[in-house]
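The residues making up each chain are set out below.
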There are 4 protein chains.
Amino acid sequence: MQDRPDDKYSRILNASIEVISEKGLEKSSVSEIVKKAGIAQGTFYLYFSSKSDLVPAIANSLLTKILDRMKRKVQGAESFWSTLDAVIDETFKVTDEHKDIIVLVYSGLAVKHSLEKWEEVYRPYYEWLEVEISKAVQKEEILPDINVKWTSRTIINLIENAAERYYIGGERDESLTVYKEELFKFIRKSLITD
Amino acid sequence: MQDRPDDKYSRILNASIEVISEKGLEKSSVSEIVKKAGIAQGTFYLYFSSKSDLVPAIANSLLTKILDRMKRKVQGAESFWSTLDAVIDETFKVTDEHKDIIVLVYSGLAVKHSLEKWEEVYRPYYEWLEVEISKAVQKEEILPDINVKWTSRTIINLIENAAERYYIGGERDESLTVYKEELFKFIRKSLITD
Amino acid sequence: MQDRPDDKYSRILNASIEVISEKGLEKSSVSEIVKKAGIAQGTFYLYFSSKSDLVPAIANSLLTKILDRMKRKVQGAESFWSTLDAVIDETFKVTDEHKDIIVLVYSGLAVKHSLEKWEEVYRPYYEWLEVEISKAVQKEEILPDINVKWTSRTIINLIENAAERYYIGGERDESLTVYKEELFKFIRKSLITD
Amino acid sequence: MQDRPDDKYSRILNASIEVISEKGLEKSSVSEIVKKAGIAQGTFYLYFSSKSDLVPAIANSLLTKILDRMKRKVQGAESFWSTLDAVIDETFKVTDEHKDIIVLVYSGLAVKHSLEKWEEVYRPYYEWLEVEISKAVQKEEILPDINVKWTSRTIINLIENAAERYYIGGERDESLTVYKEELFKFIRKSLITD
DNA sequence: GATGAATGAGTGTTCATTCAT
DNA sequence: TATGAATGAACACTCATTCAT
């Protein structure tokens, strides 16, 4: 429904991403968001039931964007290892580009009672990687004695954390290349060792 | 300063942990904290320069507590693998006990300009594990071709993330034991494979 | 206009009686009323010029209902005393059934500049009792040296107040029967004493 | 406590009487009240827990004032009849002077769940008249077969209603003197008839 | 007549912070 | 140091009303 990027819903969503990634949810005011979106104060509440309602919407929008990019990049990958490589690469890129939103989404969803939404939002991403891992198992690229579901989640979190530590936490003792290689090796070893 | 647990500083810190872990930083009021601490409104500002000043103090207090526990548990461990086992175990326990503070610290520190503090707070923990890893390399328990610093950080984050996914994110498809074993194997493989 | 109970006007009126007697005028919203009435927001303003326009309409509707009931009950009363008895009885019943609307009408009409409407709304009721009193005077049931107009208003208010004190104010020191008898005697004495 | 008329509590109370009697509770804003009281917005909430908290306070203040006046006027009255006369007189005067507050108190207390307060506020007044009536019974000025408690309440309401109808409802078919005489006679007859 | 999306003014209340004592 | 009364800016949310269709 919210396809055209200039319908009211999208106008609000985009404005809120701008504003909230700059200042955090609590410090952002609805009035600033609507001003930026060019709509009236009351109109906001026709599309979102409350300010905090924005966070899952933003998270969802980001995740959708990320997953699309992943899929596109990974298309025609020869092996699971080039898929993994692409996922690492893309995650670092996305993290760099969207630092602000990621931090926001983290802190926003990390609020009590919103945590269930986290899983919900991430699920498509998790499930996509599950499929890739399963295919790799079948092609005997990686060992079969792993828990696919658990491993999918763990890998995604591992990569995202590393990227966040690099770009957001300021942990830059190594070059980016070394950082990513280290990560690749770490995961690979875990998947091919008996 | 905060040695005696009933000096004003500690009274404020403990009260704020109680209040803030319950409701989050923004929803908590200084007035509620001082009421719980049994001091006057103005006294708060003799010990903390602002409300947001509390978060690093809380984070620090938690990390100190965690690191103490780790060290105690790991004392006299025969091999790196029993150390790793203990770290995993302890992390899960701590995460379970202190869900609320962890979420708070996450969301609190995740706000822009506070992220540098994160590294600072975690550093002693990271460094402690670095030492343990180095010892393991020397004892030839794990392979030498790893980046110790990077690996220390990665392992800690990996374990914490898994624990958070289990206790906070509600990802409980597997039993706790299986979950922890999976994690142990995942890390071990990465450290012993060439 | 409001004859058929399902034309738009009546639908709005009935919905607003439900909603407003529940929550009071200020706390009730037009949007809730129109939702209950099953019409569109804008349609409301085709029938009422504003929200506060509802109160006299509701008051009128209630008074009409009450007066109808009075007349029916009193039909064929042998003496003024049985009329008075019926009026007391009926007022108590109506007050009990419509506590909410009565309170609303009181507080709604009690706002400055709305008080003239009060007299207007009550007039038919007052006048009906004037006629009854006059007949009683002629039949020499009550003494002639009273001001009929004033007495009519006073009696109605006296009875209504007693009923309100009983049902709304919670003044229930006596049984309902005693209460009504006391009232009857009080009025009767005033009318037959020289 | 709120004796001196220029402590904060009294300043708020007096300002709110001015503002609210002019516009009604809902139409009055706290911001207007504090402006008139010459205090800061937040200070209001140190003395009243909410805007609606003002109504019982105002009612109480008015009733106290009324009761004081009654007692003073009635001091040294020779008979119950001169007491009654004074009560009628004073009620009409007070109603004239404080029309606005009376209307406000009516509409404000008439809101659901506030009605219990009504009785509470009026109780001292009711009880004072009960004592006067009892004395009159003992002095055999009025007949003993009445319910003192019920009669006290009824007389007060009767007089107040008549005064309100005269001053607020605009029912002025008769001169004020006639109006009050009529009332006196009506009550007197009820009290002396067997 | 009927609709309902859009408006934007309006408000009670909270709360971090200050400061005179 | 310690207090706590006073401050006043800030804000989410509501809702009566309008108007293009």
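For the structure given in this document, a descriptive report is provided here. (Residues numbered from 1 in each chain as written. Chains lettered and ligands numbered in written order. Predicted model: local features only at pLDDT ≥ 70, side-chain atom pairs only at ≥ 80, totals over all residues. Heavy atoms only, no water.)

Focus on the relation of the copies chain D and chain C
Then step 1. Taken as rigid bodies, chain D and chain C are interconverted by a rotation of 180° and an axial shift of 0.1 Å, the fit giving an RMSD of 0.1 Å. Expressed as a symmetry operation, the mapping of one chain copy onto the other fits a two-fold axis.
Then step 2. Interface residue correspondence from chain D to chain C reaches 98%, placing this contact among same-surface, isologous pairings. (Least-squares fit on C-alpha atoms with pLDDT ≥ 70 in both. Contact = heavy atoms within 4.5 Å.)

Considering helix 8 (residues 176–192) of chain B
Then step 1. Taking 1.5 Å of rise per residue, the 17 residues of helix 8 of chain B would be expected to cover 24 Å, and the 24 Å separating its terminal C-alpha atoms lies within 8% of that figure.
Then step 2. For helix 8 of chain B, the complete set of buried residues consists of Tyr179(B), Lys180(B), Glu182(B), Leu183(B), Phe184(B), Phe186(B), Ile187(B), Lys189(B), Ser190(B) and Leu191(B). (Helix = DSSP H or I, 4+ residues; strand = E, 2+ residues; numbered from the N terminus. Expected span 1.5 Å × (residues − 1). Buried < 20%, exposed > 50% of the residue type's maximum accessible area, 1.4 Å probe, protein only.)

Observations regarding the relation of the copies chain B and chain A
Then step 1. When chain B is brought onto chain A, the operation consists of a screw motion whose angular component is 180° and whose axial shift is 0.1 Å, with 0.2 Å RMSD remaining.
Then step 2. Both copies present the same face, since 95% of the interface residues in chain B are matched by interface residues at the equivalent positions in chain A.

A short note on the interface of chain B and chain A
Then step 1. At the junction of the two partners, chain B supplies 40 residues and chain A supplies 39 residues.
Then step 2. Here the side of chain B that touches chain A gets 10 residues from one element, more than from any other, and that element is helix 7 (residues 148–167) of chain B.
Then step 3. A breakdown of the residues in the side of chain B that touches chain A according to their chemical character gives 15 nonpolar, 10 polar and 15 charged. (Nonpolar A, V, L, I, M, F, W, Y, C, P; charged D, E, K, R; others polar.)

Observations concerning the interface of chain D and chain C
Then step 1. Taken together, the contact pairs 40 residues of chain D with 40 residues of chain C.
Then step 2. Together chain D and chain C conceal approximately 3800 Å² of surface at their shared face, both sides included; 58% is due to carbon and sulfur atoms.
Then step 3. The largest share of the area that chain D buries against chain C comes from Trp150(D), Phe186(D) and Lys189(D), three residues that together contribute 20% of it.
Then step 4. At the boundary of chain D with chain C, the tally comes to zero salt bridges. (Buried area = accessible area lost by both parts, 1.4 Å probe. Salt bridge = Lys/Arg side-chain N within 4 Å of Asp/Glu carboxyl O.)

Side note on the environment of Gln75(D)
Then step 1. In this fold, Gln75(D) is placed in the loop between helix 4 (54–74) and helix 5 (80–97).
Then step 2. In sequence terms Gln75(D) and Lys35(D) are 40 residues apart; their C-alpha atoms lie 41 Å from each other.

Some words on the packing of helix 5 (residues 80–97) of chain C against helix 9 (residues 176–192) of chain C
Residue and element names in this part refer to chain C.
Then step 1. Packing of helix 5 against helix 9 brings their axes to within 11 Å, and their N-to-C directions diverge by 140°. Classed by the angle they form, the pair helix 5 and helix 9 counts as oblique. The handedness of the crossing between helix 5 and helix 9 is right-handed. Contacts from Phe80, Trp81, Leu84, Asp85, Ile88, Asp89 and Phe92 in helix 5 reach Leu176, Tyr179, Lys180, Leu183, Phe184, Ile187, Arg188, Leu191 and Ile192 in helix 9.
Then step 2. A per-class count over the contact of helix 5 with helix 9 returns 12 nonpolar, no polar and four charged. (Axes fitted to C-alpha atoms, helices over the stretch in contact; angles between N-to-C directions. Parallel < 35°, antiparallel > 145°, perpendicular 65-115°, else oblique. Left-handed = near helix turned anticlockwise from the far one by under 90°.)

Some points on the protein's contact with DNA strand E
Then step 1. Near DNA strand E you find 30 residues, and of these Thr43(A), Tyr47(A), Val30(B), Thr43(C) and Tyr47(C) are the closest.
Then step 2. Each atom of DNA strand E within 4 Å of the protein belongs either to a base or to sugar and phosphate, the latter forming 61%.
Then step 3. Within the side chain of Thr43(C), an N or O atom sits 2.6 Å from a phosphate oxygen of DNA strand E.
Then step 4. For the surface near DNA strand E, the secondary-structure elements that each account for two or more residues are helix 3 (41–47) of chain A, helix 2 (30–37) and helix 3 (41–47) of chain B, helix 3 (41–47) of chain C together with helix 3 (41–47) of chain D.
Then step 5. When the residues that make up the surface near DNA strand E are grouped by side-chain class, the tally is 11 nonpolar, 15 polar and four charged. (Near = heavy atom within 4 Å. Polar contact = N/O pair within 3.5 Å; in protein donor to acceptor, adjacent residues only side chain to side chain.)

Quick word on unusual backbone geometry
Residue and element names in this part refer to chain A.
Then step 1. For Glu140, which is not glycine, the phi torsion reads 60° and is therefore positive.
Then step 2. Note on placement: Glu140 falls in the loop between helix 6 (115–138) and helix 7 (148–167).
Then step 3. By relative accessible area, which is 70% here, Glu140 ends up exposed.

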